[in-house]
Amino acid sequence: MTTAHELVQQQRQFFNTGNTKDVTFRIQALNRLKKAIEKFHQPILDALKSDLNKSEPEAFGSEIRIVLGEIDFTLEHLEQWAAPRKVPTASTLPDSKSFIHPEPYGVALIIAPWNYPFQLAFGPLVGAMAAGNSAVIKPSELTPAVSKVTAELIADTFPSEYIAVMEGEVETSTALLKEKFDYIFFTGSTGVGKVVMRAAAEHLTPVTLELGGKSPSIVHKDANLQVAAQRLARGKFLNAGQTCVAPDYLLVHEDVREEFISLLQAEINDKYTENATQNPNFPHIVNQRNFDRLAKFLEDGEFLIGGRSIREQLVIEPTLLGNVDWSSPVMQEEIFGPILPVIEYNDLNPILDEITNRPKPLALYLFTNDEEVQDQVFNTVSFGGGCVNETLSHMTSHYLPFGGVGDSGMGSYHGQQSFELFSHHKSILKRNS
């Protein structure tokens, strides 16, 4: 079996041939990747069902379709992105011309999480390949079926000296992080992100960290409550809340609290049935350790909606927790499950103070049509990205960079930003002799 060291050396030797710098090579490789995903379509869906109980519509929409869209968008624009770019030259050098040459870093390491194990392995891979890198993918050991199909798909499509998968437990990640990569892309928790960054520092390797945090949702008194309920229910309970950009807690104006909770109850019943623990298509919690962690949060308040769970089946139904305040245990860490604490407010200012005094969240969702309120929130709170009168959708746009800030991460990708992320921008000045 090839060791991490041997694999990195093989990939470096292949990268040094210069083959991946040819834009035609990259385009052909991305087309092969697209055909491979289409070929493995059903095994990917089956694996997501096995690991997380995702229904086929949810698995396709939140995992496969996003990656295929990223490939298509990249293929449409790659020649333009990869071309040298002429830029203005300082007036002190009138006989000169200036250019920026995007070039690949070299050998990239992509460490994928378990919550969207296909999308968050292959999405970054598209950017790495587009920029001309070779890559090693480390899938999550917590989703073994997806890890297996990822390894099979890549082995069936590319030589390992170009793109490879290394499966395994934490020891595999540790071995890979000891190697000198030219770029590391990590998606996961803030705690593990610190471990990755320390390992990267040993080799001065640049990193992207896609982390998480407690992302607030604010429903102001002028919001369209029906729309807010529909979009908040979808955004929070997709993948049973195991989404890094899921609304983590709800701040709702006291004037509309009761009506909004009633509408949210109706939306949950409509989308997931009145008892989601009996819904065969409601996603499961990934393992017992995470289930037990979430079950403790259920003790932190009173059930406004839901509250039922079945440990043997790793299922917790969509739950709203009332009687919660900023000091409650459920408000101290990212929930990452189908539990939504509710805090009401009548004055936005102290609410914004509480948010800004906490680690910067990955996302923020604001439901209001008042542009002054929008400006107040966005000018006060620092966060990775977000939406007005919507949830999650900002991360599906090829034109919007996706990433965190502070404790929620560093670096951003999607669309052209993925190409830029995995590229070094080499500056060249040409002067007349």
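The protein chain is annotated in an unreviewed UniProt entry as Aldehyde dehydrogenase from Paenibacillus nicotianae. Looking at the protein chain in UniProt, the text filed under Sequence similarities (unreviewed entry) is "Belongs to the aldehyde dehydrogenase family."

**Quick notes on the side chain of Asp51**
The residue Asp51 is located in helix H3 (residues 41–52) in this model. Of the side chains with opposite charge, Lys54 comes closest to the buried, unpaired Asp51, at an N-O distance of 9.6 Å. At 3.1 Å, the side chain of Asp51 and the backbone nitrogen of Ala145 are in polar contact. In terms of polar contacts, Asp51 uses its side chain to reach the backbone amide nitrogen of Val146, at 2.8 Å. Excluding anything up to four places from it in sequence, Asp51 contacts Thr143, Pro144, Ala145 and Val146.

**A closer look at the nonpolar core**
Ranked by internal contacts, the top residues of the largest apolar core, which has 122 residues, are Leu33, Ile37, Phe122, Leu125, Phe260 and Leu264. Here this core gets nine residues from one element, more than from any other, and that element is helix H4 (residues 56–82). Ignoring anything within four residues of it in the chain, the contact list for Phe260 reads Val219, Leu225, Ala228, Ala229, Leu232, Leu250 and Val252. Membership of the second largest hydrophobic core comes to 20 residues, among which are Val107, Phe186, Ala199 and Ala200.

**Side note on the UniProt feature "domain: Aldehyde dehydrogenase" (unreviewed entry) in the protein chain**
The UniProt entry lists residues 5–428 under the feature "domain: Aldehyde dehydrogenase" (unreviewed entry), expressed in the numbering used here. For the annotated span residues 5–428, helix accounts for 42% and strand for 20% of the residues, and the straight-line distance between the end C-alpha atoms is 34 Å.

**A look at unusual backbone geometry**
One non-glycine residue, Asn239, lies in the positive phi region at around 55°. Counting through the fold element by element, Asn239 comes out in the loop between helix H9 (225–237) and strand E9 (249–253). Asn239 gets classed as buried once you look at its relative accessible area, which sits at 0%. For Asn323, which is not glycine, the phi dihedral falls at a positive 55°. Note that Asn323 resides in the loop between strand E13 (319–322) and strand E14 (339–345).

**A short note on the environment of Ile261**
Considering the arrangement of structural elements, one finds Ile261 in helix H10 (residues 257–272). Expressed as a C-alpha distance, the spacing of Ile261 and Glu299, which sit 38 residues apart in the sequence, is 20 Å. Ignoring sequence-local partners within four residues, the contact set of Ile261 consists of Leu304, Ile305 and Leu320.

**What about the pattern of salt bridges?**
Scanning all chains against the criterion turns up 17 salt bridges. The shortest N-O distance in the salt bridge between Arg85 and Glu420 comes to 2.9 Å. Of the two residues, Arg85 is situated in strand E1 (residues 85–87) and Glu420 in helix H14 (residues 416–421); the sequence distance between them amounts to 335 residues. Look at Arg85 and you get partly exposed, because its relative accessible area is 24%. Residue class for Glu420 comes out buried when judged on its relative accessible area of 14%. With a closest N to O distance of 2.3 Å, Lys214 and Asp248 form a salt bridge. Of this pair, Lys214 sits in the loop between strand E7 (207–210) and strand E8 (216–219) while Asp248 sits in the loop between H9 and E9; the two residues are 34 residues apart in sequence, bridging distant segments of the chain. Summarising the burial analysis for this pair, Lys214 and Asp248 share the class buried.

**Section: the packing of H4 against helix H5 (residues 119–130)**
The relative placement of two packed helices comes down to the angle between their axes together with the axis-to-axis distance. Packing of H4 against H5 leaves a shortest axis separation of 9 Å and a crossing angle of 10°. As judged from the angle between their axes, H4 and H5 are roughly parallel. Residues Ser62, Glu63, Ile66, Val67, Glu70, Ile71, Thr74 and Leu78 of H4 pack against Gln119, Phe122, Gly123, Val126 and Ala130 of H5. Class assignment of the residues belonging to the contact of H4 with H5 gives a composition of seven nonpolar, four polar and two charged.

**Structural notes on the packing of aromatic side chains**
Between two aromatic rings, the relevant description is the distance of the centres plus the angle of the planes. Counting across every chain of the model gives 18 aromatic pairs. Centre to centre, the rings of Phe14 and Phe25 are 6.3 Å apart; their planes meet at 50°, and the pair counts as tilted. Taken together, the positions of Phe14 in helix H1 (residues 4–15) and Phe25 in helix H2 (residues 23–39) put the pair eleven residues apart, joining distant regions of the chain. Phe25 carries the same exposure label as Phe14, and that label is buried.

**Considering helix H7 (residues 170–178)**
Taken together, the buried positions of H7 are Thr172, Ser173, Leu176 and Leu177. Seen end-on, H7 carries its buried residues on one side only, within an arc spanning 130°. Those residues of H7 that are exposed and aimed more than 90 degrees away from the buried face are Val170, Glu171 and Lys178. Elements that come into contact with the buried residues of H7 comprise H1, strand E3 (107–111), strand E4 (134–138), strand E6 (183–187) and helix H8 (190–202).

**Regarding a negative patch on the surface**
Together, Asp222, Asp370, Glu371, Glu372 and Asp375 line one region of the surface with negative charge. Position of Glu372 among the secondary structure elements: in helix H13 (residues 371–380).

**Details of the UniProt feature "active site" (unreviewed entry) in the protein chain**
UniProt's entry tags Glu210 with the feature "active site" (unreviewed entry), counted in the numbering of this structure. Looking at the secondary structure, you find Glu210 in strand E7. Taking the relative accessible area as the measure of exposure, Glu210 reaches 2% and is therefore buried.

**Looking at the sheet that holds strand E18 (residues 409–410)**
Taking strand neighbours across the sheet as the criterion, the six strands line up as E5-E4-E3-E6-E7-E18 in an open arrangement whose pairing is mixed. Only two strands of the sheet have a single partner each, and these edge strands are strand E5 (163–165) and E18. Bridge analysis of E4 against E5 gives three bridges, and the strand direction is parallel. Note on E5: the bridge partner recorded for Ile137 is Val165.

Rules behind the numbers
Just so you know, the residues in each chain are numbered from 1, in the order the chain's sequence is written. A pLDDT threshold of at least 70 governs which residues receive local features in this predicted model, and a stricter bar of 80 or more applies before side-chain atom pairs are shown or counted, although totals over entire chains, interfaces and linings include all residues. Side-chain numbers here rest on the full set of heavy atoms in the structure, without hydrogens or water. UniProt positions are given in the numbering used here, feature names are shortened, and annotations may be inferred rather than shown by experiment. Numbering of helices and strands starts at the N terminus; helices are DSSP runs of H or I of at least 4 residues and strands are runs of E of at least 2. For every residue, the accessible area (1.4 Å probe, protein chains only) is compared with the maximum for its type, and the residue is labelled buried under 20%, exposed over 50%, or partly exposed between those bounds. Only four residue types enter the tally: Lys and Arg on the positive side, Asp and Glu on the negative side, with His and both chain ends excluded. Put simply, a salt bridge is a Lys or Arg side-chain nitrogen that is within 4 Å of an Asp or Glu carboxyl oxygen. Polar contact is the term for a pair of N or O atoms within 3.5 Å; when the atoms are in protein, one must be able to donate a hydrogen and the other to accept it, and sequence-neighboring residues count only if both atoms are side-chain atoms. Here a residue-residue contact requires only that any non-hydrogen atoms of the pair lie within 4.5 Å. To define a nonpolar core, start from buried Ala, Val, Leu, Ile, Met, Phe, Trp, Tyr and Cys residues and group those joined through side-chain atoms within 4.5 Å. Axes, fitted as lines to C-alpha atoms, cover a helix only where it is in contact. Angles between the N-to-C directions of the axes lie from 0 to 180 degrees. Under this scheme an angle from 65 to 115 degrees is roughly perpendicular, one under 35 degrees roughly parallel, and one over 145 degrees roughly antiparallel; angles in between are oblique. Basically, the charged four are Asp, Glu, Lys and Arg, the nonpolar ten are Ala, Val, Leu, Ile, Met, Phe, Trp, Tyr, Cys and Pro, and anything else, Gly included, counts as polar. Aromatic pairing here means that ring centres of Phe, Tyr or Trp (its six-membered ring) are within 6.5 Å. Orientation follows from the plane angle: under 30 degrees is stacked, over 60 is edge-to-face, and everything else is tilted. This arc corresponds to the set of directions leading from the helix axis out to the C-beta atoms. Nonpolar side chains (Val, Leu, Ile, Met, Phe, Trp, Tyr) within 5 Å and like charges within 9 Å form the patches, drawn only from residues with over 30% relative accessible area and no salt bridge. For the area figures, the Shrake-Rupley method with a 1.4 Å probe applies, and any residue is considered shielded solely by the protein chains shown. Charged groups are reduced to one reference atom each: NZ for lysine, CZ for arginine, CG for aspartic acid, CD for glutamic acid. Two strands form a pair only when DSSP identifies at least two bridges running between them.

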